[in-house]
Amino acid sequence: MGADNIHFTTTRSMSEEFKAPLQVQIEGKYTARFSASPGEPLLQSALNAGVELPRSCRNGTCRACLCHLTLGLIEYRIDWPGLSREEKAEGCVLPCVALPRTDVVLRYD
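What comes next is a walk through the structure. Remember, it's a predicted structure, so these values are computed and weren't measured experimentally.

## Observations concerning the pattern of salt bridges
Then step 1. Enumeration over the complete set of coordinates arrives at 4 salt bridges.
Then step 2. In this structure, Arg55 engages Glu52 in a salt bridge whose closest nitrogen and oxygen atoms are separated by 2.9 Å.
Then step 3. Among the ionic pairs, Arg63 bridges to Glu87, the shortest N-O distance being 2.5 Å. Remark: Glu87 occurs in helix α2 (residues 85-89) and Arg63 occurs in the loop between α1 (42-48) and β4 (67-76); sequence separation between them is 24 residues.
Then step 4. Under the relative-accessibility criterion, Arg63 is labelled partly exposed at 32%.

See below:
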């Protein structure tokens, strides 16, 4: 996985430029494709599309939804304690609190 393909940002408000529906592709243990809204967590967009993914707390602490971002850009509203600095560097994300900013590809091992 190339570090150039993965980007994380942390902000408190979404930029106005990311309004269009985005495409999400799920690979690995689970497979799916669905549209996502930039202001809605990836997990909620999946559930709205009828896609069942691992989940529990929905607030970034239980890590049940942990997966890898292999392509795209996500944003968190605050720095979530559910991921270590090393996990973020490896591309780990928590879809229950991750907001897409571009089309994304997520991998569940």
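## Quick notes on unusual backbone geometry
Then step 1. Phi at Arg58 is positive, roughly 65°, even though this residue is not glycine.
Then step 2. Structurally, Arg58 can be placed in the loop between α1 and β4.
Then step 3. The backbone phi angle of Arg63 is positive, close to 70°, even though this residue is not glycine.

The rules behind each value
- All chains use their own residue numbering, which begins from 1 and follows the written sequence.
- At least 70 in pLDDT is required for a residue's local features to be given in this predicted model, at least 80 for side-chain atom pairs to be given and counted, and no such filter applies to totals for whole chains, interfaces and linings, which use all residues.
- Derived side-chain values reflect all non-hydrogen atoms in the structure, with water molecules and hydrogen atoms excluded from consideration.
- Here a salt bridge means any side-chain nitrogen of Lys or Arg lying within 4 Å of a carboxyl oxygen belonging to Asp or Glu.
- Runs of H or I in DSSP of at least four residues are treated as helices and runs of E of at least two as strands, each being numbered from the N terminus.
- To sort residues, take the accessible area from a 1.4 Å probe on protein chains only and compare it with the maximum for the residue type: under 20% means buried, over 50% means exposed, and anything in between is partly exposed.

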